[in-house]
Amino acid sequence: SIRFGAFLGSFSAVYKFVLCILRRIRNTDDGTNSLIAGALAGLSLAFESSSRRETWALYSFVRSLECLFNYLVEQGYIKKIKYGEVLLFAFCASFLMTCHAYEPEVLDKGYSKFLTRFASLKPNDGLFLELWREGYRRRWEAARAAKLATSG
């Protein structure tokens, strides 16, 4: 789509432009330049639809955690864990799959369809998931009602 092209093109162009300008102005090439350039490039999300912005936010959050993890290892704040970035990705992926299983309406419909295809769900699996979600919602509402009854 044109929106996606505008977003991707402007993101890359703004990031590189600001990064080059900051290198010349500050006469240094450090993480601060990248942080400022990335923040300004992030404004190009305005070209995307609001529903896709949420998907990009999820994607960016996971990548930010990975960058933070690598930075903390590099600076010596935490010890290097063998396959640590893979474990972090698996944790984040499990969070998204849990959201998909229990509360699929919080995810973008396209992303939810992708997760369904990714998980290789069969038609009967969808029925099982719906029954599972309904049971989860009933238990959640019952627990919430019980908590309100005891506190009020």
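Above: the structure in question.
An account of the accompanying structure is given in this report. (Residues numbered from 1 in each chain as written. Predicted model: local features only at pLDDT ≥ 70, side-chain atom pairs only at ≥ 80, totals over all residues. Heavy atoms only, no water.)

1. Structural notes on the packing of aromatic side chains
Put simply, the rule is: In this analysis, rings of Phe, Tyr and Trp, with Trp reduced to its six-membered ring, are considered paired at centre separations within 6.5 Å, and the interplanar angle assigns stacked below 30 degrees, edge-to-face beyond 60, and tilted for intermediate values. Under the scheme used here, helices are H or I runs from DSSP no shorter than 4 residues and strands are E runs no shorter than 2 residues, and both carry numbers assigned from the N terminus. Relative accessibility thresholds used throughout: buried, under 20% of the residue-type maximum; exposed, over 50%; partly exposed, between the two (1.4 Å probe, protein chains only).
Across all of its chains, the model carries one aromatic pair by this definition. An angle of 45° between the planes, with centres 6.0 Å apart, marks the rings of F7 and F11 as tilted. With F7 and F11 both in helix α1 (residues 2–26), this residue pair falls four residues apart, about one helical turn. Residue classification places F7 among the buried residues on the basis of a relative accessible area of 5%.

2. Considerations on the pattern of salt bridges
What counts, and what does not: We count a salt bridge whenever a side-chain nitrogen from Lys or Arg sits within 4 Å of a carboxyl oxygen from Asp or Glu.
The final tally for this structure, using the stated rule, is two salt bridges. In this structure, D29 engages R23 in a salt bridge whose closest nitrogen and oxygen atoms are separated by 3.1 Å. With its nearest N and O atoms 2.9 Å apart, the salt bridge here joins R26 to D30. The partly exposed category is assigned to D30, whose relative accessible area is 27%.

3. Some words on unusual backbone geometry
Residues other than glycine seldom take positive phi values, yet N27 does so here, at roughly 55°. Turning to its location among the elements, N27 is positioned in the loop between α1 and α2 (31–41). By relative accessible area, N27 is classed as exposed at 70%.

4. So, the packing of helix α4 (residues 84–102) against helix α5 (residues 109–118)
This is how it is decided: Think of each axis as a best-fit line through the C-alpha atoms, taken over the contacting stretch in the case of a helix, with angles from 0 to 180 degrees between the N-to-C directions. Angular relationships are summarised with four words: roughly parallel below 35 degrees, roughly antiparallel beyond 145, roughly perpendicular across 65 to 115, and oblique for the angles in between. Contact criterion: two residues are considered in contact whenever any of their non-hydrogen atoms come within 4.5 Å of each other. Residues are grouped as follows: Ala, Val, Leu, Ile, Met, Phe, Trp, Tyr, Cys and Pro are nonpolar; Asp, Glu, Lys and Arg are charged; all remaining types, including Gly, are polar.
The interhelical angle for the contact between α4 and α5, taken along N-to-C directions, is 105°, at an axis separation of 11 Å. In this view, α4 runs roughly perpendicular relative to α5, as classed from their interaxial angle. Here L96, M97 and H100 of α4 come into contact with α5, specifically with Y111, S112, L115 and T116. Classifying every residue of the contact of α4 with α5 gives four nonpolar, three polar and no charged.

5. Some remarks on the packing of α1 against α2
Convention followed: Crossing chirality is assigned from the near helix's rotation relative to the far helix, an anticlockwise turn below a right angle marking it left-handed and a clockwise turn marking it right-handed.
At a minimum axis separation of 8 Å, α1 and α2 run at an interaxial angle of 145°. The interaxial crossing formed by α1 with α2 has right-handed handedness. Of α2, the residues touching α1 (which contributes F11, V14, Y15, V18, L19, L22, R23 and R26) are T32, N33, S34, I36, A37, G38, L40 and A41. Per-class residue counts for the contact of α1 with α2 are ten nonpolar, four polar and two charged.

6. Things to note about α1
Here is the rule: Multiplying 1.5 Å by the helix residue count minus one yields the expected span of that helix.
Given a rise of 1.5 Å per residue, 25 residues ought to cover 36 Å, and the 35 Å separating the end C-alpha atoms of α1 matches this to within 8%. When α1 is considered as a whole, its buried residues turn out to be F7, S10, V18, L19 and L22. Of the residues flanking the end of α1, it is N27, one or two places downstream, whose phi is positive at about 55°.

7. Some words on the side chain of N33
As a reminder of what qualifies: Counted as a polar contact is a pair of N or O atoms within 3.5 Å, where, for protein atoms, one must be capable of donating a hydrogen and the other of accepting one, and residues adjacent in sequence contribute only when both atoms are in side chains.
Relative to the elements of secondary structure, N33 occurs in helix α2. Engagement of the side chain of N33 in a polar contact is seen with the backbone oxygen of T28, the distance being 2.7 Å. When residues no more than four places from it in sequence are discounted, the contact partners of N33 are L19, L22, R23, R26 and T28.

8. Focus: the state of the cysteines
The test is simple: Cysteine sulfur atoms that pair up within 2.5 Å are treated as a disulfide.
Under the defined criterion, the tally for this structure stands at zero disulfides. This cysteine, C67, is not joined by any disulfide, and C92 carries the nearest cysteine sulfur, 12 Å off. Take C92: its relative accessible area is 7%, and that puts it in the buried class.

So, to be careful, I would describe these as geometric facts and stop short of saying anything about function.
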